[in-house]
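These are the residues of each chain, in order.
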Amino acid sequence: MENPVQLEGTTSKKAFWSALTAGFLALGLLLVSFGISGVAYAVPIAGVGDFYVEFDKLEGTGYTFYPKMGETSSEDSAPQGTNLIENLTITNLQLYKDFKVGSEWIRVKIQASKPVQISGLQHDAGLIEADAKFQNLVLEENHSDDWQKQFQQKSSTITLEHAKLKTHYLFQKTINMNGMKLTVERIKK
């Protein structure tokens, strides 16, 4: 009996494209529900590793930030910050994730040409680059044995402009994303 040869460090293109097709089919069903109602409920994006969010402007109310340790695509536990925003509007939203398939790179990208309305946002980020404005900003230090509960930042409003965020987890209670466009393309890295 022959022993099968296994190659480590390679990706089966057939398995990848089958999984990607199944994922796009599921996404297509989700998009049909967007088209019917215009609103999505309880939309988490996690488990795909680091992805990036870019936008021209975010305006939100009811902002809270606290530090945490959380899982990423490359580590079981990495320093992050959790951002909670009750209601927000984002202009020129782009979300994207890059994947290496064999020797090529592909980018899965979601864009919205119209302002996006979100309620109940939870966002865990390893990096936020933006021009930021806050109203009624409060920094609190609390006594706790849990370091993640010792510091918290709150603001009645938050505005971020020209932003790029390295994201590990994203959840929205509801999102209205009219003018959404999904693309998958080859890129050079």
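Residues numbered from 1 in each chain as written. Predicted model: local features only at pLDDT ≥ 70, side-chain atom pairs only at ≥ 80, totals over all residues. Heavy atoms only, no water.

Would you explain the overall build of the protein chain in this entry?
Counting secondary structure elements, the protein chain contains one helix and nine strands. Secondary structure elements of the protein chain, listed N to C terminal, follow the sequence α-β-β-β-β-β-β-β-β-β. Counting over 189 residues, the protein chain shows a buried share of 33%. Counting contacts in the protein chain only where the partners sit at least 6 residues apart, residues at least 24 apart contribute 76% of the total. Looking at the protein chain as shown, the accessible area adds up to about 12,000 Å², and 52% of this sits on carbon and sulfur atoms. (Helix = DSSP H or I, 4+ residues; strand = E, 2+ residues; numbered from the N terminus. Buried < 20%, exposed > 50% of the residue type's maximum accessible area, 1.4 Å probe, protein only. Contact = heavy atoms within 4.5 Å. Areas by Shrake-Rupley, 256 points an atom, 1.4 Å probe, with all protein chains shown as cover.)

Would you take a moment to explain the nonpolar core for this structure?
Taken as a class, soluble globular proteins show a tendency for nonpolar side chains to be buried jointly. Counting 21 residues, the largest nonpolar core has Phe55, Leu58, Ile90, Leu93 and Val116 as the members making the most contacts within it. Secondary-structure elements contributing two or more residues to this core are strand E2 (51-70), strand E3 (78-91), strand E6 (116-135) and strand E8 (151-176). If you tally residues by element for this core, the top one is E8, at six residues. Apart from residues lying up to four places away in sequence, Ile90 is in contact with Phe55, Lys57, Leu58, Lys114, Pro115, Val116 and Ile118. (Core = buried A, V, L, I, M, F, W, Y, C linked by side-chain atoms within 4.5 Å.)

Please explain the packing of aromatic side chains as it appears in this structure.
What characterises a pair of aromatic rings is the spacing of the ring centres plus the angle enclosed by the ring planes. The final tally for this structure, using the stated rule, is three aromatic pairs. For the ring pair Phe65 and Phe151, a centre distance of 6.4 Å and an interplane angle of 75° mean the geometry is edge-to-face. In this pair, Phe65 sits in strand E2 while Phe151 sits in strand E8, placing the two residues 86 residues apart along the sequence. In this structure, Lys97 is placed above the aromatic ring of Phe99, and the distance from its NZ or CZ to the ring centre is 5.6 Å. Above the ring of Tyr52, the side-chain terminus of Lys164 is found at 5.3 Å from the ring centroid. (Phe/Tyr/Trp six-rings, centres within 6.5 Å; stacked < 30°, edge-to-face > 60°. Lys NZ or Arg CZ within 6 Å of the ring centre and 35° of its normal.)

What is the right way to read the side chain of Thr64 from this model?
Note that Thr64 resides in strand E2. Judged by its relative accessible area of 16%, Thr64 is buried. Apart from the residues lying within four places of it in its own chain, the contact partners of Thr64 are Thr82, Asn83, Leu84, Gln152, Gln153 and Lys154.

Before we go on, may I ask you to explain the confidence of the model for the protein chain in this structure?
Detailed reading of the predicted coordinates is not advisable wherever pLDDT falls low. Averaged over all residues, the pLDDT of the protein chain equals 80, while 73% of them reach at least 70. Predicted confidence in the protein chain is weakest over strand E1 (residues 40-45), with a mean pLDDT of 44, and strongest over E6, with 94. Considering only residues more than four positions removed or in separate chains, one finds that residues 32-48, a stretch of pLDDT under 50, has 32 contacts. (pLDDT = per-residue confidence, 0-100.)

Help me understand the pattern of salt bridges in this model?
Side chains that differ in sign of charge can pair as their charged atoms come close. Across all of its chains, the model carries seven salt bridges by this definition. Of the charged contacts in the structure, one is a salt bridge between Glu59 and Lys57, with a shortest N-O distance of 3.7 Å. Given a relative accessible area of 43%, Glu59 falls into the partly exposed group. Of the charged contacts, one joins Arg107 and Asp98 as a salt bridge, the two residues approaching to 2.6 Å between their closest N and O atoms. Asp98 sits in the buried class, given a relative accessible area of 14%. (Salt bridge = Lys/Arg side-chain N within 4 Å of Asp/Glu carboxyl O.)

Looking at this structure, how should I read the pairing of strand E4 (residues 94-101)?
Note on strand geometry: in a regular strand, side chains alternate between the two faces of the sheet. By the bridge criterion, three bridges tie E2 to E4 in an arrangement that is antiparallel. Bridge pairing in E4 places Glu54 opposite Gln94. In this structure, E4 lies alongside strand E5 (residues 104-112), joined through eight bridges in antiparallel fashion. Residue Leu95 lies in a different strand from E5, and its bridge partner there is Ile110. Between E4 and E5, which pair antiparallel in sequence order, lie two residues; one of them, Gly102, sits at a positive phi of approximately 65°. (Pairing = 2+ DSSP bridges.)

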